[in-house]
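Next come the chains, spelled out residue by residue.
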Amino acid sequence: IFASPQADPSKEANDEQPHQYHIREARYSDLSQVAELITFGFHPEVKDNPILRPIRNLAEIDRLQSNFPYGDVKHFYFVATTASESG
């Protein structure tokens, strides 16, 4: 479990509550959310483009799925989740 201060600049320093993060091995079902995060994080120009956004997202899902460690004991994907999302 890792803690990080909130990134809300409107809060005063003494009012900040840390976020709790868990790092766990990724599941295949996580890949669509990871692809969306990568798409918007590295390609923000497609956010408001209804044609390019799904194409870029599908390309990321394809890349993640083709590299997913299907039973390879030496290859892992990890995800960080908030404490409320862990499971």
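Colleague: Break down a nonpolar patch on the surface for me, citing the residues and quoting the values.
Modeller: A cluster of nonpolar residues, Ile23, Phe76 and Phe78, forms a patch on the protein surface that exposes about 330 Å² of accessible area. Relative to the helices and strands, Ile23 is located in strand 2 (residues 19-25).

Colleague: Explain the confidence of the model for the protein chain to me, using residue names and the numbers behind them.
Modeller: In the predicted model, the protein chain carries a mean pLDDT of 82, and 77% of its residues have values of at least 70. Highest mean pLDDT in the protein chain belongs to helix 2 (residues 52-67) (94); lowest belongs to strand 1 (residues 2-4) (46). Here residues 1-6 is a poorly scored stretch, pLDDT under 50, and it has 20 contacts once near neighbours within four places are set aside; other chains count.

Colleague: Quick one: what's the story with the nonpolar core, residue by residue and with numbers?
Modeller: Judged by nonpolar contacts, Ala26, Leu31, Ala35, Ile38, Ile61, Leu64, Phe68, Tyr77 and Val79 together constitute the single largest core of 9 residues. Secondary-structure elements contributing two or more residues to this core are helix 1 (31-42) and helix 2. Top element by residues in this core is helix 1. It accounts for 3 residues. The contact partners of Ala35, leaving out residues within four places of it in the chain, are Asn57, Glu60, Ile61 and Leu64.

Colleague: Residues and numbers for the pattern of salt bridges, please.
Modeller: When their charged atoms lie close together, side chains carrying opposite charge are able to pair. All chains considered together, the criterion is met by 3 salt bridges. Two residues, Glu60 and Arg63, come together in a salt bridge whose shortest N-O distance is 2.9 Å. Residue Glu60 and its partner Arg63 are located together in helix 2, separated by 3 residues, close to a single helical turn. Residue classification places Glu60 among the buried residues on the basis of a relative accessible area of 6%. With a relative accessible area of 40%, Arg63 lands in the partly exposed category. One salt-bridge network, in which partners are shared between bridges, spans Arg56, Glu60 and Arg63.

Colleague: I'd like a description of the packing of aromatic side chains, backed by residues and values.
Modeller: Across all of its chains, the model carries 5 aromatic pairs by this definition. On the basis of an interplanar angle of 45 degrees and a centroid distance of 6.0 Å, the ring pair of Tyr28 and Tyr70 is categorised as tilted. One end of the pair, Tyr28, is in the loop between strand 2 and helix 1; the other, Tyr70, is in the loop between helix 2 and strand 3 (78-82), and 42 residues separate them in sequence. Take Tyr70: its relative accessible area is 53%, and that puts it in the exposed class. An aromatic cluster is defined as three or more aromatic residues linked by ring pairs; in this entry it consists of Tyr28, Phe68, Tyr70 and Tyr77.

Colleague: Describe the environment of His75, with residues and values.
Modeller: By secondary structure assignment, the location of His75 is in the loop between helix 2 and strand 3. If near-sequence neighbours (up to four positions away) are discounted, His75 is found in contact with Asn67 and Pro69. Within the structure, the side chain of His75 is placed 3.5 Å from the backbone oxygen of Asn67, a separation counted as a polar contact.

Criteria and thresholds
Residues numbered from 1 in each chain as written. Predicted model: local features only at pLDDT ≥ 70, side-chain atom pairs only at ≥ 80, totals over all residues. Heavy atoms only, no water. Patch = residues over 30% accessible without salt bridge, like charges linked within 9 Å, V, L, I, M, F, W, Y side chains within 5 Å. Areas by Shrake-Rupley, 256 points an atom, 1.4 Å probe, with all protein chains shown as cover. Salt bridge = Lys/Arg side-chain N within 4 Å of Asp/Glu carboxyl O. Helix = DSSP H or I, 4+ residues; strand = E, 2+ residues; numbered from the N terminus. pLDDT = per-residue confidence, 0-100. Contact = heavy atoms within 4.5 Å. Core = buried A, V, L, I, M, F, W, Y, C linked by side-chain atoms within 4.5 Å. Buried < 20%, exposed > 50% of the residue type's maximum accessible area, 1.4 Å probe, protein only. Phe/Tyr/Trp six-rings, centres within 6.5 Å; stacked < 30°, edge-to-face > 60°. Polar contact = N/O pair within 3.5 Å; in protein donor to acceptor, adjacent residues only side chain to side chain.

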